[in-house]
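Here are the chains, one letter per residue:
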Amino acid sequence: MGQFDDAYQRLRDYVGGADDYDDPAKVLAMAMVLRIEKTDPPGRAELLIAAARAVVLLCLDERSGGDGPWAAELDAWCAARIRKIARRARTSHWQAAQQVWGITASHGTAQARAFVPGRVGDVDPRIKRLQIGGTEVDGELPSTPDGSVGTLVLWINPALEMTVGKLAAQVGHGAMLGVKLMSLEQARAWHQGGCPIEVCAPEQAIWARLLDAESRGTMVAVRDAGFTEIAPGSVTVIAQWPSEPDSVPSPLPSRPLASGKSSE
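Computed from a predicted model, the values in this text were never measured in an experiment. (Residues numbered from 1 in each chain as written. Predicted model: local features only at pLDDT ≥ 70, side-chain atom pairs only at ≥ 80, totals over all residues. Heavy atoms only, no water.)

**Q** Outline unusual backbone geometry, listing residues and values.
**A** Note the cis peptide between Trp241 and Pro242, where omega equals -5°. Mapped onto the secondary structure, Pro242 falls in the loop between strand E9 (235-240) and strand E10 (261-263). One non-glycine residue, Thr91, lies in the positive phi region at around 45°. The residue Thr91 is located in helix H4 (residues 91-97) in this model. The partly exposed category is assigned to Thr91, whose relative accessible area is 48%. In the Ramachandran plot, Cys195 falls in the positive-phi region, its phi being about 55° despite a non-glycine side chain. (Helix = DSSP H or I, 4+ residues; strand = E, 2+ residues; numbered from the N terminus. Buried < 20%, exposed > 50% of the residue type's maximum accessible area, 1.4 Å probe, protein only.)

This is the structure:
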């Protein structure tokens, strides 16, 4: 089995949810940095897509599989609670963040970087100094995808109020869970294509149908653990694959999932 195959299988199989350490500094988390320049910030939709792509590109990178240099960290993180902490950066601080192990993804004018997970107390100083708050950017999310074939669609719960930093963590998790809906061959082709993603905020009636499809195992949902901003157990994101235009909001023709739920 190749390193990509290993990385794919980790996302297919992981359940997570192990108890946290008593010492908060030992809690495992993935750091994320959103590039938000003061004079020319990106739009909300573009930034969330970049964030989601950065997370899943790192998780499926060959360095994350087999005996790759990131594999042990990804194994440990996926066995624990899937935590992500989003920060913002600009100018020289953004450039410095590029020197820390991770992957940067772009979409339009937006950029985001996901870093190899590790203990909260061991975060690189170049990342630790960055501000966690202040991630808000303007822009509306589309209510429907454009229907591009081979694109993972991440639907955001329209009833929840979340900051962009919180949403970045949620769509990152949704992109990881979306891999559960793909065969190995589909995931490989998707990854080779740069992991195309759309992020949408549906009308409430469509969201209800998406929840119904998720309950029948044809989509997969992120359920938040409720540590910040929203109530525990809230469904924040539903991942949909494939993404043909006629598949929304009908159930998808994919096999039922043995485990399609997780918490952020």
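Still more to cover.
**Q** Please set out the packing of helix H2 (residues 44-60) against helix H6 (residues 164-178) residue by residue, giving values where relevant.
**A** Where H2 meets H6, the closest approach of the two axes is 8 Å, and the angle between their N-to-C directions is 45°. Classified by the interaxial angle, the pair formed by H2 and H6 is oblique. Considering only the axes of H2 and H6, their crossing is right-handed. Residues Arg44, Leu47, Leu48, Ala51, Ala52, Val55, Val56 and Cys59 of H2 pack against Val164, Leu167, Ala168, Val171, Gly172, Ala175 and Met176 of H6. Partitioned by chemical class, the residues of the contact of H2 with H6 number 13 nonpolar, one polar and one charged. (Axes fitted to C-alpha atoms, helices over the stretch in contact; angles between N-to-C directions. Parallel < 35°, antiparallel > 145°, perpendicular 65-115°, else oblique. Left-handed = near helix turned anticlockwise from the far one by under 90°. Contact = heavy atoms within 4.5 Å. Nonpolar A, V, L, I, M, F, W, Y, C, P; charged D, E, K, R; others polar.)

**Q** Report on helix H1 (residues 3-13), specifying residues and quantitative values.
**A** Buried within H1 are the following residues: Phe4, Asp5, Ala7, Tyr8, Arg10 and Leu11. Buried positions along H1 lie against H2, helix H3 (71-79), H6 and helix H7 (184-192).

**Q** Mind laying out the side chain of Glu198, listing which residues take part and the relevant values?
**A** Positionally, Glu198 belongs in strand E7 (residues 197-200). Nearest to the buried, unbridged Glu198 among oppositely charged side chains is Arg53, at 12 Å. One polar contact links the side chain of Glu198 to the main-chain amide nitrogen of Asp146, over a distance of 2.9 Å. With residues up to four places along the chain from it excluded, the contact list for Glu198 reads Ile49, Pro145, Asp146, Gly147, Ser148, Thr151, Leu152, Val153 and Leu154. (Lys, Arg positive; Asp, Glu negative; His and termini not counted. Salt bridge = Lys/Arg side-chain N within 4 Å of Asp/Glu carboxyl O. Polar contact = N/O pair within 3.5 Å; in protein donor to acceptor, adjacent residues only side chain to side chain.)

**Q** Which residues make up the nonpolar core, and what values do they have?
**A** Core analysis: the largest hydrophobic core is formed by 63 residues, its most contacted members being Leu154, Trp190 and Ile197. Counting residues per element, this core draws most heavily on H2, at 14 residues. Not counting chain neighbours up to four residues away, the residues in contact with Leu154 comprise Ala52, Val171, Gly174, Ala175, Ile197, Glu198, Val199, Cys200, Val237, Ile238 and Ala239. In this structure, Trp155, Trp207, Val235 and Ile238 belong to the second largest nonpolar core, which totals ten residues. (Core = buried A, V, L, I, M, F, W, Y, C linked by side-chain atoms within 4.5 Å.)

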